[in-house]
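Reading the structure
Next come the chains, spelled out residue by residue.
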Amino acid sequence: MNGTNRLEIVSPNNVLANAMLRSVDMVRPRLQATNPDRVAFCVGTQINGAPHLGTSLVQTAAFLLAKQTKRAFGVDTIVRFGALDNAPYDIQLDPETHHAYQQTYFHALGSDGVEDLLGKYYRAMFDSLADATGVDYEIETYTAQQADPAFRHEFLATLGRLDQIRWPLAPSHGQVHVRLPCPQCGWTEKRAERTRLIRTGSGGADFAAVCTDHGDYEVVVTADTSAYLDLATLYRNLVKERMAVRDHVTLSVMVKGGDWSYGCQLVDEAFAQLPGLAPPPRIFTPMVLTDTGAKLSKSLIRDGRVAPPPGARPWMLDVTDWEGDTDDFVDAMVWLVGKMLADPKHFYRSYTTAELDKIMTARPSATTTPRAREMNLYRRYFDLVAAGTKTIEVRVQYPNLRNLAAGDHIRFVCGRDDALTRVKRVARYSSFEEMLDTEGPERVNPTSPRDQQLANIRRIYGPEKEALGVLAIEIELIPGPIP
Ligand SMILES: [Zn+2]
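Every residue gets a number counted from 1 within its own chain, in the order that chain's sequence is written. The predicted origin of the model limits local features to residues at a pLDDT of at least 70 and limits the giving and counting of side-chain atom pairs to 80 or more, whereas totals for whole chains, interfaces and linings rest on all residues. Side-chain numbers come from the whole structure's heavy atoms, not from hydrogens or water.

1. Brief notes about the environment of Leu377
Helix and strand definitions follow DSSP, with helices as H or I runs of at least four residues and strands as E runs of at least two, each counted in order from the N terminus. Here Leu377 lies in the loop between β16 (372–376) and α15 (379–387). Each C-alpha atom, one on Leu377 and one on Ser430, is 22 Å from the other, the two residues being 53 residues apart in sequence.

2. So, the layout of surface pockets
The space that makes up the largest pocket amounts to roughly 1400 Å³. If you tally residues by element for the lining of the largest pocket, the top one is helix α18 (residues 450–460), at 5 residues. The residue inventory of the lining of the largest pocket, partitioned by class, reads 19 nonpolar, 11 polar and 19 charged. Both cavities and pockets are sets of points on a 1 Å grid over the protein atoms alone; in a cavity a 1.4 Å probe fits but cannot get out, in a pocket the set is open with protein on both sides within 12 Å along at least five of seven lines, and lining residues sit with an atom within 4 Å of a point. Grid points are joined across faces, edges and corners, and a volume is the space filled by probe spheres set on the points. Throughout this entry, Asp, Glu, Lys and Arg are counted as charged residues, while Ala, Val, Leu, Ile, Met, Phe, Trp, Tyr, Cys and Pro are counted as nonpolar. The remaining residues, Gly among them, count as polar.

3. Some thoughts on the domain arrangement of the protein chain
Each domain's limits were defined by an automated method or a database of domain assignments. Looking at the protein chain, the domain boundaries give domain 1 (15–87 + 105–144 + 155–170 + 233–285) and domain 2 (372–477). Look at where the C-alpha atoms of domain 1 and domain 2 centre, and you get two points 31 Å apart. Counting residues at the interface gives 10 residues for domain 1 and 10 residues for domain 2. Accessible area that two parts lose when put together, evaluated with a 1.4 Å probe and summed over both, is termed the buried area. When the two sides are added together, the surface that domain 1 and domain 2 hide from each other amounts to roughly 920 Å², 34% of it contributed by carbon and sulfur. We call two residues in contact when some of their heavy atoms are within 4.5 Å.

4. Here we look at the packing of helix α6 (residues 149–159) against helix α8 (residues 233–245)
Angles shown run from 0 to 180 degrees and are taken between the N-to-C directions of axes, each axis being a line fitted to C-alpha atoms and, for helices, limited to the stretch in contact. Between α6 and α8, the least distance of the axes is 9 Å, while the angle of their chain directions is 115 degrees. The orientation of α6 relative to α8 falls into the category roughly perpendicular. Once α6 is placed against α8, the crossing between them reads as right-handed. Across from Ala150, Phe151, Glu154, Phe155, Thr158 and Leu159 in α6, the residues of α8 making contact are Tyr235, Val239, Lys240, Arg242 and Met243. Residue composition of the contact of α6 with α8, by class: 7 nonpolar, 1 polar and 3 charged. An angle below 35 degrees is treated as roughly parallel, one above 145 as roughly antiparallel, one from 65 to 115 as roughly perpendicular, and anything else as oblique. Crossing chirality is assigned from the near helix's rotation relative to the far helix, an anticlockwise turn below a right angle marking it left-handed and a clockwise turn marking it right-handed.

Structure representation (structure tokens):
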């Protein structure tokens, strides 16, 4: 190390890393067994204020794992972001029983307020991650998920074995936390001390609960009722994972912070008590640790209970403190997590803030190569772009492409090959026909007649995608060695 920009991560071998060559090989056993059409990398985050480094690390890992899985196994991939708007917004003690009552972010802020938080802290980062990796993403709130009849049905199906699963889900007392907010005020007992299951059958379940202000109330949960169904973390994950593994078209891979490796042992116990399904593959990402070996906790530092650990930069505690724009932060995270993923020994471990600070300080400055969006292409189109004969690339207007403009760079990827291009012009059309007739089919594909191109494009993009709007992206190849 000569003090400037050379730093090697040194990691010991471990049981997991010793068993594999690439970090993404974690998904291979299930890919081989089930041969799905696509793989969804699922990452959940509590929506409760500015994210810290640990959150960004898990999210970046999900996008990079999706990108590497697509390249390594030739399967379509996507990132699914679960926005946990059931995180507690406020907690108060019942004056008589001293039971804790809580109100979720959704109940406190409403769906517009949750949408504002998503926009403020996550959408720009995800758009940027999607550009940098060529992986699309979807966002679903917990509130939307619990309203899905499939989720509610999966929950109801567990109630018949409640006596078996309540011990793994609540090993100290067997009291599972099913939270059914008061229909009048939206508050609910956090630990469900006075929530009782009165009746359960194939079609639904009746619960009784007590509100501090409104007294006794009953809630009927069926697949279709609108009663809000909130579950404690382990129970929620059990239901979510069981729902996910029923999908044989899309393989769900859960991407979770490393501390979940402990919690999932109990979810697995509960799985074993229920009929028929194995848990989905899970990938645990590196934890961010303090010098004591504990997980970095923003709230402990904020409350003054521990000092910021060595090397903990302000942006590590609150990523909105990063000096630079979102693309710059995402580039830094992609670089960092890419370093970790490069070797299973570096990925299946944790890092202290001091070590992360050292690694980030050694990061080469990003000014030498332009930031490029990644886009995937089928081989027949990629070869035309690489030859410089295809000068118009066609896309539909996905949200992450709304800012695409002349001067941007796009790196087209096909398998292990890539081609760097510069955007000369972006034109927007309302249909593929209008686009082909204005741009000229020979610039989109010099080897194929107009009508055949139209048929091919419409096979890739259905009418609902075309309705988003059509982009014609004029590109020029940047020749020379690919950096
Ligand atoms: Zn109430």
